[in-house]
Amino acid sequence: MYKYLFIIALSGVMITACHESKPKQKPAVKDSKGRKYQLTTVVREPLSSTIQLPAVLEAYQKVSIYPRVNGFVKTVNVDRGSAVRRGQVLITLEAPEIIQQYFAAQSKYLQSKAVFAASKDNYERTLAVSETPGTISAHDVEVANARMEADSAIMNSELANFRALEATRSYLTVTAPFDGVITERNIHPGALVGPGARMEPGAMLMLEQEDRLRLVVQVPEVYSAQLSATRQVSFHVNALPGKVFTGNISRQAGSLSNRYRSEAVEVDVTNNQHLLKPGMYAEISVPVTGSVQAMVVPSSAIVTSTEKKYVVAVRDGQTRWIDVQEGNHHSDSTEIFGKLLPDEKVIANANDEIKEGMRIDQEG
């Protein structure tokens, strides 16, 4: 899915400007053949813009619910589309062997607890009598104490086993881990389920949180370092024409995908009215600040050939080809990066017919 989104992002990024610096126009000049050209001044200033990228809405939390013990499905209390609350019982399972093991462990624990209580009482009585000289030997006191400690260890072991089976028994009741909506139901009463059982298509239920969503957008590498400090974005979805939604950038991946050369950015979206649904495609407007090292020229000043992009600078009355790389765009202005200086003059209406080293004279 992200593959297609990224291809769209690279091939059709649309940009609108929040702020634009227009280069100053200069009087016309002409070459030796009398052809006229318009000069413009290179301006050093970032071109703040807004880029439009494809994005997708995802559930804020999404979980596939699997059984944790082997058993038969007794009841299913929800279906596709059911709204559930955290802790609500979704499914109950039957496993008679687990119940039997639980009660057996409970019985052993109670028995060991009674034995420990008796040995503890015996030790305390022996210790009390031993305070009278000549009644009970020190050896008998040590034997009573050792018996009490041994019975205590047995009791703790049985308690641990009992609690483990108590936890296993609780797995027979499947509850919702968070508030959300059941989006898939793949199980029915009577089915055999379990960690080792083969289930088709897999999870018993799928639970998604829909009152809060994640808007995930892949920002191309060239813009990943230019995200605006305001963090506020707007977006719209095709399913709801005319509606514009807003949110703030909440998370950035912090690294680029090696495959797509883009950074994943997430926007938290409040969806209390459930107008938006996970899986919807959106078009998001992300503000970018531009680069402080960028120069701004008219878009018409950039010449694109099969080998490179360049602008035609006028230095000492002669033309010079200066290789450049493009940055942000808006209307008739473009950011460029190259060996240019602020306030340098370039030809505004350049083309590939202007050769290197041509003589340029001031008109008039």
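Residues numbered from 1 in each chain as written. Predicted model: local features only at pLDDT ≥ 70, side-chain atom pairs only at ≥ 80, totals over all residues. Heavy atoms only, no water.

**What about the overall build of the chain?**
And then number 1: When helices and strands are tallied, the chain shows four helices and 25 strands.
And then number 2: Scored against the burial criterion, the 364 residues of the chain give a buried share of 41%.
And then number 3: Within the chain, counting contacts between residues at least 6 apart in sequence, those at least 24 apart form 76% of the total.
And then number 4: Carbon together with sulfur atoms contributes 50% to the accessible area of the chain, which is approximately 20,200 Å² in total. (Helix = DSSP H or I, 4+ residues; strand = E, 2+ residues; numbered from the N terminus. Buried < 20%, exposed > 50% of the residue type's maximum accessible area, 1.4 Å probe, protein only. Contact = heavy atoms within 4.5 Å. Areas by Shrake-Rupley, 256 points an atom, 1.4 Å probe, with all protein chains shown as cover.)

**Section: the packing of aromatic side chains**
And then number 1: Per the stated rule, a full pass over the model turns up five aromatic pairs.
And then number 2: When the centroid spacing of 5.2 Å and the interplanar angle of 70 degrees are considered together, the rings of Tyr102 and Phe103 count as edge-to-face.
And then number 3: Take Tyr102: its relative accessible area is 7%, and that puts it in the buried class.
And then number 4: On the basis of relative accessibility, which here comes to 44%, the residue Phe103 falls in the partly exposed class.
And then number 5: Consider the rings of Tyr310 and Trp321, whose centres lie 4.5 Å apart with planes at 20 degrees: the pair is stacked. Taken together, the residues span a long stretch of sequence, with Tyr310 in strand β21 (residues 309-315) and Trp321 in strand β22 (residues 318-330) at a distance of 11 residues.
And then number 6: Owing to a relative accessible area of 2%, Tyr310 belongs among the buried residues under this scheme.
And then number 7: Three or more aromatic residues joined by ring pairs form one cluster here, namely Tyr102, Phe103, Tyr109 and Phe162.
And then number 8: Sitting over the face of the ring of Tyr60, Arg214 holds its NZ or CZ atom 4.3 Å from the ring centroid.
And then number 9: The lysine or arginine in question, Lys308, covers the ring of Tyr310, its NZ or CZ lying 5.7 Å from the ring centre. (Phe/Tyr/Trp six-rings, centres within 6.5 Å; stacked < 30°, edge-to-face > 60°. Lys NZ or Arg CZ within 6 Å of the ring centre and 35° of its normal.)

**Some thoughts on the sheet that holds strand β12 (residues 192-193)**
And then number 1: On the basis of which strands lie adjacent, the open sheet formed by four strands has the order β10-β9-β7-β12 and antiparallel pairing. The two strands at the open ends of the sheet, each matched to only one other strand, are β10 (173-175) and β12.
And then number 2: Both strand β7 (residues 71-76) and strand β9 (residues 89-94) contribute to a ladder of four bridges, which runs antiparallel. Counterpart to Val73 in the pairing with β9 is Leu93. (Pairing = 2+ DSSP bridges.)

**Side note on unusual backbone geometry**
Apart from glycine, the bulk of residues carry a negative phi angle, and the bulk of peptide bonds sit in the trans form.
And then number 1: Despite not being glycine, Asp316 has its phi angle at roughly 55 degrees, a positive value.
And then number 2: Within the secondary structure, Asp316 sits in the loop between β21 and β22.
And then number 3: Despite not being glycine, Asp343 has its phi angle at roughly 70 degrees, a positive value.
And then number 4: With respect to the element layout, Asp343 can be found in the loop between β23 (333-338) and β24 (345-347).

**Points about the side chain of Thr92**
And then number 1: By the secondary structure assignment, Thr92 is in strand β9.
And then number 2: Exposure remark for Thr92: the relative accessible area of 17% places this residue in the buried category.
And then number 3: Beyond its immediate stretch of four places on either side in the chain, Thr92 contacts Phe72, Val73, Lys74, Thr75 and Leu172.

**Focus: the sheet that holds strand β8 (residues 83-84)**
And then number 1: A sheet is described by the order of its strands in space; here four strands give the open sequence β6-β13-β11-β8, paired in antiparallel fashion. Two strands in the sheet have a free side with no partner beyond their single neighbour: β6 (62-65) and β8.
And then number 2: Of the strand pairs in this sheet, β6 and strand β13 (residues 205-208) are connected by four bridges, and their pairing is antiparallel. Opposite Ser64, over in β13, you have Met206 as the bridge partner.

**A look at the pattern of salt bridges**
And then number 1: Throughout the structure, instances matching the rule amount to 11 salt bridges.
And then number 2: As a salt-bridge pair, Glu208 and Lys62 come within 3.9 Å of each other at their nearest N and O atoms. Note that Glu208 is positioned in strand β13 and Lys62 in strand β6, a separation of 146 residues in sequence.
And then number 3: Residue class for Glu208 comes out buried when judged on its relative accessible area of 10%.
And then number 4: Residue classification places Lys62 among the exposed residues on the basis of a relative accessible area of 56%.
And then number 5: Where Arg85 meets Asp179, a salt bridge forms, and the shortest distance between an N and an O atom there is 3.4 Å. (Salt bridge = Lys/Arg side-chain N within 4 Å of Asp/Glu carboxyl O.)

**Comments concerning the environment of Pro67**
And then number 1: Within the secondary structure, Pro67 is located in the loop between β6 and β7.
And then number 2: On the basis of relative accessible area, Pro67 is assigned to the buried category, the value being 7%.
And then number 3: The sequence separation of Pro67 and Val174 amounts to 107 residues, and the corresponding C-alpha distance is 7.8 Å.

**Notes on the side chain of Glu263**
And then number 1: In this structure, Glu263 sits in strand β17 (residues 262-270).
And then number 2: Of note is the side chain of Glu263, whose polar atom sits 2.9 Å from the backbone nitrogen of Gly254.
And then number 3: Filtering out sequence-adjacent residues up to four positions away, Glu263 remains in contact with Val217, Gln218, Val219, Ser224, Gln252, Ala253, Gly254, Ser255 and Leu256. (Polar contact = N/O pair within 3.5 Å; in protein donor to acceptor, adjacent residues only side chain to side chain.)

**So, helix α3 (residues 138-170)**
And then number 1: Taking 1.5 Å of rise per residue, 33 residues should cover 48 Å, and α3 covers 48 Å from first to last C-alpha, within 8% of that figure.
And then number 2: Within the sequence span of α3, burial applies to Val141, Ala144, Met148, Asp151, Met155, Glu158, Leu159, Phe162 and Leu165.
And then number 3: Buried residues along α3 sit in contact with α2 (96-129). (Expected span 1.5 Å × (residues − 1).)

That is the geometry; function is a separate question.
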